[in-house]
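Per-entry structural report
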Amino acid sequence: MDSIAETRVGAMLEARVMEPLVTADGKLMGRGVRRAPLPKFLLGIAPWVVLLGFGLYGAFLCLYRGLNQTNMDNRFAFGLWIYLDLTVIAFGAGAFFTGFLLYVLKKKELKAVINSAVVIGFVCYSGAVGILMIDVGQPLRAWFTFWHPNVHSMLTEVTFCITCYLTILAIEYVPLILKNRQLRKIPSLLVFEHELHKVMVVLAALGTFLSFFHQGSLGGLYGVMSARPFAFREAIGIWPSTFFLFILSAAAIGPSFILLTTKLAEKLSGKKLVRDEVPALLAKISGNILIVYVLAKAIDTLYWINFTSPGTGAEPMSFYSHKAFGPWVLTAEIVLFGLVPALLLRDGGKHLSLKWRVPAALLACAGVAVNRYVMTIQTQALPTLPFDQFLSYAPSWQETASFLLVLAYGVLVYALSFRYLNIFPEERELNS
Amino acid sequence: MGQRFTRRDVLFAATGSAAGIALSPLPWKLLGDSAIWTQRSRFAPEALRGDVTTRFSACTLCPAGCALRARCVGTPALPVSMTGVKGNPVTHGALCPTGFAVHHLARHPLRLKGPARIDLRKGGVEAVSAKADDVVAAVAAAVRSSKGAAVPLALLDLRPGRMASLECRRVLAGIPGAIQVVPASRDASTLDAIRAQLDGAAAFGVDLEKPSTIVSFGAPLREGWGTPGTVPVLLTRQNAGTLRLVQLEARRSPTAEGADLWLPIRPGTEAAVALGLAHLLVTEGLVAPEVAKRARDLDASFRSFVAPFEPGAVERISGIPAATLRSLARALANEPTLAIGSGAPGGEPLGIEEERAIAILNLLLGNPGPRSGLVARRELPAPVPDGALAPQLSLAGIADGSVGVLLIDGAAETVPWALVAAKLTPASVVVSLSPWLAGPALHAAWAVPAPAPLESLDEVLTPAGAPVASWALAPPLLPVPEKAMAPAAFLESLAAALGSPSAAPELPEPLLKRRAAAIVAAGRGKVFVPGSSSLLPLADAGGADGLYQKLSAGGAWIDEPVSAPVPLPLFDLLPPAPQATASLASVAVLGRPARGAQAGPNLEPEGYVGSTGTAPEPAILGKLGRESLLRTSTAARRSTPVTIREA
Amino acid sequence: MHTAKKPTDGKNHRYGMVIDLDRCTGCGACMVACAVENNVPPGDPAANERTGISWLRVYRMNDGKPLPETRTAFVPVPCQQCGVSTPCLSVCPQNAVDIDQSSGIVGQIPVRCLGCRYCMAACPYHTRSFNWWDPVYPAEMRESLNPDVSTRTRGVVEKCNFCFHRLQQARAKAAAAGGKDEAPGEYVPACVEACPTSAFLFGDLDDPASDVAKAAKGEGTFRLLEKLGTDPKVIYRSAKPWVRQTAEGALPRNGKEEHRG
């Protein structure tokens, strides 16, 4: 009796709920592409939705009860969030750099990944802005920076760039949405989308500039701290060397990250999404810039060890005398996570490096993550006052949850975009 | 030409205005202001407004009685901050950290606003407010039912010697069998022991400008011994290299940290170390001839008494290496040295035996004498009391298990509870007269809160160990709660309830004016006037009324030092009673188990030792412990190299 | 907050202090007096030495010798009022940090602060505190707040400003008396006034006649992290070489520092 009733309910649910959903789902997908059946897709994103909910709860606690919910403190004023902001924004650099290569340097092959890059850029930047709003103590005063900006502050640069560039990314993201099969049916939107396309080159160029600048400002954030000898770097022009190193490193791993996400999308969807030469080109570009970065970073480090740091009265090796941050950190960052992936990525055509392309891209991305970690966490953990102590910090669950919120948000936006928007233009052709 | 507004125009205008307004600061400013407003109203109280005035008083939380200059706001003027009084020759403008927030204490959450029954509940103590008459009746009944006890009613006075104390004794005199009990002064107990050795020849104080070396047996010299005002004097001399501080203390106290030499002894072995030093002085011929002449028992009995305390034995008892002890003894004999004892590691005063051992050491070192700064001082003049007074006994002087009803007058529990509890009968009733549900109140059945410090006119007596007598007034700065009851007033109601009505206690002002008159009559000393920081001769103070006025305005009376040397009697080093000698030997050999350990963490001395005891702590003081690393952890306070090795 | 009008023609000062470490016993009176003066609420019950608000913190340092020979010294660290390339000043994105030119005092404007904490990361002396909690004043403090200092809200940074409101009062007093400038000694921060051992000397470092200017040039003086070039206006003094060397960082770290976290 029960089982019959259950079956009936099940059948009714299927008829009343699932069927229209499946129909609508199908109608929203791009023409000529195949996507996983709706239940499988829903099952796939379910954990991320749960994570999103958990993250929202953590973020709510931080906003409602205040930042005492985090494990940051007066010494560790920046924690997990700022570290991840920096890292995520470096990963998002793929968006601006691919745009730059495609629209400015006319690398036509990259048209295959530009949409994906825009989605990633949008996810990374909007996620970063979101978490910054939780991170500041008075989010409602965020507009103060625009109202009475301090032009000498790197954070002012960061704020202006991040908001402007997020706006540009949103404008770049809009046409992708408007190209959806259903939305295209509305004529005025189609016209709007067409108009947007005309300004896209200008936006890409402007976005490139802003994003370059923004990456640099994030680097400058630490480099200008003249009183924190571990972070301080001398200025080249008006910016500290970290300004340029951050730009270089972000540009270097941006293509790597696009490569990784594309490979991941291919793996998850079981389809070929881009032509073989695209990853090869991405890897090569990434490798080449990485080489330059590693060289610059090495020179910068040597200069810092021999001149900058002694100038502030600090013995450079004393920064590496604390257990968690031995000299190996520096070596690993430059060699294992820098030089090694650079060499592997550079020779894009060779058989050996083809196989190592993905691990190398992973290493390269990890290298930037390590760099941002060192700049954020090690800088604050190290004591400056001679009678002060080395401090450690571990994020609270609320902090971690808020970070997971951004991760889940990113995965969901990318998954939905992949399912309903045409983010790999070559997909239909390659899979027909 | 007809202009027609289309729907599109309206939409455009609306969108444009919305965007325009959004880009203007208006909505954002409103947003920010409302954010500030919502947070303000909830958490930030309004500060007082009005004229800012300066008033003077003194902190009567502990016997140190530091002079206060209060910044007051509004009408009636209420204090918002406290500072010391610069130039004050007694307190040297110093205040302990608690002193800066003493005005918070009157409104402390633990403050009792009226008589209460104290309930011991699971997980804490609760005060249930009660009618004053009911409390008086209940206490009277308890006094009646303890008729069989040796002491049916005792008043423990934690700040003895005040005119109010005298008044309490006068009221108590009407109640048969009632006595007043005074605890030993923590900081002055060595001086009292020396006085006892010399048959009470004179009262002594310490002139910290004199000694070249101070051997301190746990005295909190760098934390405020007697009064925080002694710290700057000591520091100046220590920094100048004219004073060497040797701290013999089990815990790593702030004084131990700041001492020139810290000798971490095993807890409870002060007597052994003092007698070990005495042994070395005697056996190595380091005792000055004039001392040897006056000490009657030096050659015979004393030598044999200290014979067991040879350096090797003392090393085994106390953990101080024999070589260190030897070199210390030689150094002490060569320069004007004073030995001061105060406070065992648990926070309680040193025992009688330890103080006697330290007194012996002092006598052998030639103290009292002009060079080491142990000076005779005159008593603070007091009016001759009219009428009978209840007897006054020292806490140590009353038998264990003898007190039926104990009233405790005072907020700072400067005596460990274990010492007080031993004196009580099994069916005893304790009544706390402390303004707070803290310290003594935690052991009481009833609380009859007295006005808190700064709430009533009070007086400040000579601080422990001071080289000259001094006196000051503490005028009230805060309104007193309606139901707070001065101890004498409570005693009067109690006497009435017991059927032996006494004369109504005198008000503080006429009482204190009588002391002023007594001082003027004595005709000695000077009057400190704040502001000009000058010292007036007493003759220019304008008589008793003038003196009273000057002291009400933040002044202080300071006695003149005793100029002529006090003739000293011949003395015995060892106590006359054989039992006392035996117990001295036994304490010295066996050490004394730490009583403070059972008394609980509240007695952990921290900050200014002995000055605040267990009166409640103002919340703002949390900065020192919790919000900084200034106070060492409890574990660190308990541990020393010796105890660590033993653990 | 930091726009006190100078009495006309008053000259600019450079207020600073000299702290004699040999006279500091680490009692903490300065910290309590500072908190009472500046309406700093007691920390939340969960606050610790890294999350509480202290405008002035007394550090404890030792010479690293084994007990019982260990020698201890205390270092009171208020805002060092850096005069050159003030680290917190340039990093604030919205000008919530400013320098009062007439006194050289670095001020913090909490009502303009966004709470990004960049200034805290930039300050090598760790003298800035963030309001991690809503400030809650216990009953005992509610009726005794200092009317001259406004309270702050959650989520903003605050720090020592040498009791700037006292300077404003001194100037108001001078102006009311028809004078042009605050009288020397008329303006003293709460911690300086509070110190029971007079370890602090305060005054105009540019006034060669002042005690503080003389003491600043005296023997055994040094400044914290002097090589950073921030020109702090808080000067320390000790006659003990180990204190100077440890506080200046001239001695190598013994590497045995307690690892806290």
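Two packed helices can be described by the angle between their axes and the distance between those axes. Residue and element names in this part refer to chain A. Their axes nearest at 10 Å, the elements helix α3 (residues 80–91) and helix α8 (residues 187–223) cross at an angle of 150°. Viewed along their axes, α3 and α8 adopt a mutual orientation that is roughly antiparallel. Like other packed secondary-structure pairs, α3 and α8 cross with a definite hand, here left-handed. Seen from α3, the contacting residues are Ile82, Leu86, Ile89 and Ala90; seen from α8, they are His214, Gln215, Leu218 and Tyr222. Split into classes, the residues belonging to the contact of α3 with α8 amount to six nonpolar, two polar and no charged.

Moving on, we get to the interface of chain C and chain A. Each partner contributes residues to the interface: chain C has 57 residues there, and chain A has 54 residues. Summing both partners gives a buried area of about 4700 Å² for chain C against chain A, and 54% of it is carried by carbon and sulfur. Here chain C and chain A share two salt bridges between them. A salt bridge links aspartate 135 of chain A to arginine 117 of chain C; the shortest N-O distance between them is 2.8 Å. Counting across the interface, chain C meets chain A through 34 residue pairs in polar contact (both at pLDDT 80 or more). If you list the elements that add at least two residues to the side of chain C that touches chain A, you get β2 (57–62), β3 (72–77), α2 (87–91), α3 (118–122), β6 (128–130) and α8 (241–248) of chain C. Partitioning the side of chain C that touches chain A into residue classes produces 29 nonpolar, 16 polar and twelve charged.

For the rest of this paragraph, the subject is the domain arrangement of chain A. Residue and element names in this part refer to chain A. The domains assigned to chain A are domain 1 (38–71 + 398–422) and domain 2 (72–393). Between domain 1 and domain 2, the residue contacts involve 21 residues of the former and 29 residues of the latter. Here domain 1 meets domain 2 over a buried area of about 2000 Å², counting both sides, of which 72% is carbon and sulfur. Taken as a group, Glu399, Tyr414 and Leu421 account for 27% of the area that domain 1 buries against domain 2, more than any other trio of residues on that side. There are zero salt bridges connecting domain 1 and domain 2. Taken together, the links from domain 1 to domain 2 amount to eight residue pairs in polar contact (both at pLDDT 80 or more). Classifying every residue of the side of domain 1 that touches domain 2 by side-chain character gives twelve nonpolar, eight polar and one charged.

Residues and elements named next belong to chain B. Interaxial distance between helix α10 (residues 270–283) and helix α15 (residues 352–364) falls to 8 Å at its minimum, and their mutual angle equals 25°. Here α10 lies roughly parallel to α15, going by the angle between them. The two elements α10 and α15 meet at a crossing, and its hand is left-handed. Between α10 and α15, the residues in contact are Glu270, Ala271, Ala274, Leu275, Leu277, Ala278, Leu281 and Val282 and Glu354, Ala357, Ile358, Ile360, Leu361 and Leu364, respectively. Counted by class, the contact of α10 with α15 contains twelve nonpolar, no polar and two charged residues.

Moving on, we come to the pairing of strand β4 (residues 97–100) of chain C. Residues and elements named next belong to chain C. Across four bridges, β4 lies against strand β5 (residues 105–108) in antiparallel orientation. Pairing of isoleucine 99 across the sheet is with valine 106, part of β5. Taking the residues that link successive antiparallel strands as the turn, the β4-β5 hairpin has four residues, and the phi of glycine 104 there is positive, at about 75°.

So, on to the nonpolar core. Ranked by internal contacts, the top residues of the largest apolar core, which has 140 residues, are Tyr222 and Phe424 of chain A together with Tyr118 of chain C. The element contributing the most residues to this core is helix α5 (residues 111–135) of chain A, with 15 residues. Composition of this core by domain shows at least three residues from each of domain 1 (38–71 + 398–422) and domain 2 (72–393) of chain A. Sequence-distant contacts of tyrosine 118 of chain C, defined by excluding residues within four places in its chain, comprise Phe78, Ser153, Met154, Leu155, Gly220, Leu221, Tyr222, Val224 and Met225 of chain A together with Val91 of chain C. Core analysis: the next-biggest nonpolar cluster, separate from the first, contains 87 residues, Ala452, Leu478 and Ile620 of chain B together with Cys123 of chain C among them.

Let us look at the pattern of salt bridges. Under the defined criterion, the tally for this structure stands at 50 salt bridges over all chains. For aspartate 148 of chain C, the salt bridge is made with arginine 71 of chain B, and the minimal N-O distance between the two is 2.4 Å. Taken together, the positions of aspartate 148 of chain C in the loop between α4 (139–142) and β7 (157–159) and arginine 71 of chain B in strand β2 (residues 67–73) put the pair across two chains. Taking relative accessible area as the criterion, aspartate 148 of chain C reaches 32% and is therefore assigned partly exposed. Of the residues examined, arginine 71 of chain B reaches a relative accessible area of 15% and is grouped as buried.

Conventions adopted
Residues numbered from 1 in each chain as written. Chains lettered and ligands numbered in written order. Predicted model: local features only at pLDDT ≥ 70, side-chain atom pairs only at ≥ 80, totals over all residues. Heavy atoms only, no water. Axes fitted to C-alpha atoms, helices over the stretch in contact; angles between N-to-C directions. Helix = DSSP H or I, 4+ residues; strand = E, 2+ residues; numbered from the N terminus. Parallel < 35°, antiparallel > 145°, perpendicular 65-115°, else oblique. Left-handed = near helix turned anticlockwise from the far one by under 90°. Contact = heavy atoms within 4.5 Å. Nonpolar A, V, L, I, M, F, W, Y, C, P; charged D, E, K, R; others polar. Buried area = accessible area lost by both parts, 1.4 Å probe. Salt bridge = Lys/Arg side-chain N within 4 Å of Asp/Glu carboxyl O. Polar contact = N/O pair within 3.5 Å; in protein donor to acceptor, adjacent residues only side chain to side chain. Domains from an automatic or database assignment. Pairing = 2+ DSSP bridges. Core = buried A, V, L, I, M, F, W, Y, C linked by side-chain atoms within 4.5 Å. Buried < 20%, exposed > 50% of the residue type's maximum accessible area, 1.4 Å probe, protein only.

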